[in-house]
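# What the coordinates show
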Amino acid sequence: MAAKQHNFARFTEARNPKAFHNYFVYDKFEAGVKLAGAEVKSIRTGKAQLADAFARFERGGLWLHGAYIEEYSHGGLSQHAPRRPRQLLLHARELRKIQQAVETGGRTIVALRLYFKQALVKVEIATASAKKQFDKRETVKKREQELELHKALNHRR
C-alpha cells in the first residue's frame, strides 16, 4: 500500500500586511522560532497574526515581540500567553549582520511572514527603515499608475 500523502496546501502562512506599506524593506533573513507544542498546533490551524510584530536584541539573542499566536483550543493546562516574546534562532554571522544594520544604519527588524518549512516553523524577518507620510503617498500613487497602465493594456487587447 502506498504511503499516506499529506496535504501541505492547507497549512497557511501568516503575513504582515502593513510591512511593505510602512517600511522600506532591505535585507531578508529566515529564522527559526522557539515555540511550545501547543503554539505549533495553533499556527497549523491558521491562528497566528504578525500585524505588529518586530524583533529586538535582548538577553543575548534576537527576540520576536508582538506576534499573536492564539491559545490552542485543545491545549489543556499547557497554554501559553498569546503575545509572549519568542526567541529567534539564527546563525551567529546573520545575527552580527542584523545587529550592525540596526546599530549603524538606524534600521529596525520587522517580521514579514510566519510559515512552515517541512515540519519547522520559520519567520521571515527583514531589516527595514520607516517610511514618512509622503513616501507612503508616493507608493500609493505608483501603485495606482501601474494599475491604470495595466488596465489600459488589457483594454487594448
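Check the entry above for the structure.
Residues numbered from 1 in each chain as written. Predicted model: local features only at pLDDT ≥ 70, side-chain atom pairs only at ≥ 80, totals over all residues. Heavy atoms only, no water.

### Some words on the overall build of the chain
Let me state the cut-off plainly: Every helix listed is a DSSP run of H or I at least four residues long, and every strand listed is a run of E at least two residues long, numbered separately from the N terminus. Three labels apply to residues, based on accessible area from a 1.4 Å probe with only protein chains included: buried if under 20% of the type maximum, exposed if over 50%, partly exposed otherwise in between. Note on contacts: a residue pair is in contact if any heavy atoms of the two residues lie within 4.5 Å. Values of accessible area rely on a 1.4 Å probe in the Shrake-Rupley scheme; residue burial ignores everything except the protein chains shown.
A tally of helices and strands in the chain yields 4 helices and 9 strands. Reading the secondary structure of the chain in the N-to-C direction produces β-α-β-α-β-β-β-β-β-α-β-β-α. Counting only residues that meet the buried cut, the chain has 32% of its 157 residues in that class. Residue pairs in contact within the chain that sit at least 24 positions apart in sequence constitute 66% of those at least 6 positions apart. A total accessible area of about 10,800 Å² is found for the chain, and carbon and sulfur atoms account for 51% of it.

### A short note on the pairing of strand β4 (residues 54–58)
To keep it simple, the criterion reads: Pairing between strands is defined by DSSP: at least two bridges between them are needed.
Sheet analysis places β4 next to strand β5 (residues 61–65), joined by 5 bridges and oriented antiparallel. Within the sheet, the bridge partner assigned to A55 lies in β5 and is L64. Between the end of β4 and the start of β5, which pair antiparallel, lie 2 residues, with R59 showing a positive phi angle near 50°.

### Quick notes on the environment of N16
The criterion, for reference: Any pair of nitrogen or oxygen atoms within 3.5 Å is treated as a polar contact; in protein, a donor-acceptor pairing is required on top of that, and neighbouring residues in sequence qualify only through side-chain atoms on both sides.
By the secondary structure assignment, N16 is in the loop between β1 (14–15) and α1 (19–22). Relative accessible area serves as the criterion here: at 8%, N16 is assigned to the buried category. In the structure, N16 is positioned 37 residues away from A53 in sequence and 7.8 Å away in space, judged by C-alpha atoms. Excluding residues within four positions of it along the chain, N16 makes contact with L50, A51, A53, V110, A111 and L112. Of note is the side chain of N16, whose polar atom sits 3.2 Å from the backbone oxygen of L50.

### Some words on helix α2 (residues 37–44)
Which entries qualify depends on this criterion: Here, the arc refers to the directions that run from the helix axis to the C-beta atoms.
Considered for burial, the residues of α2 that qualify are A38, E39, S42 and I43. For α2, the angular spread of buried residues about the axis comes to 140°, placing them on one side.

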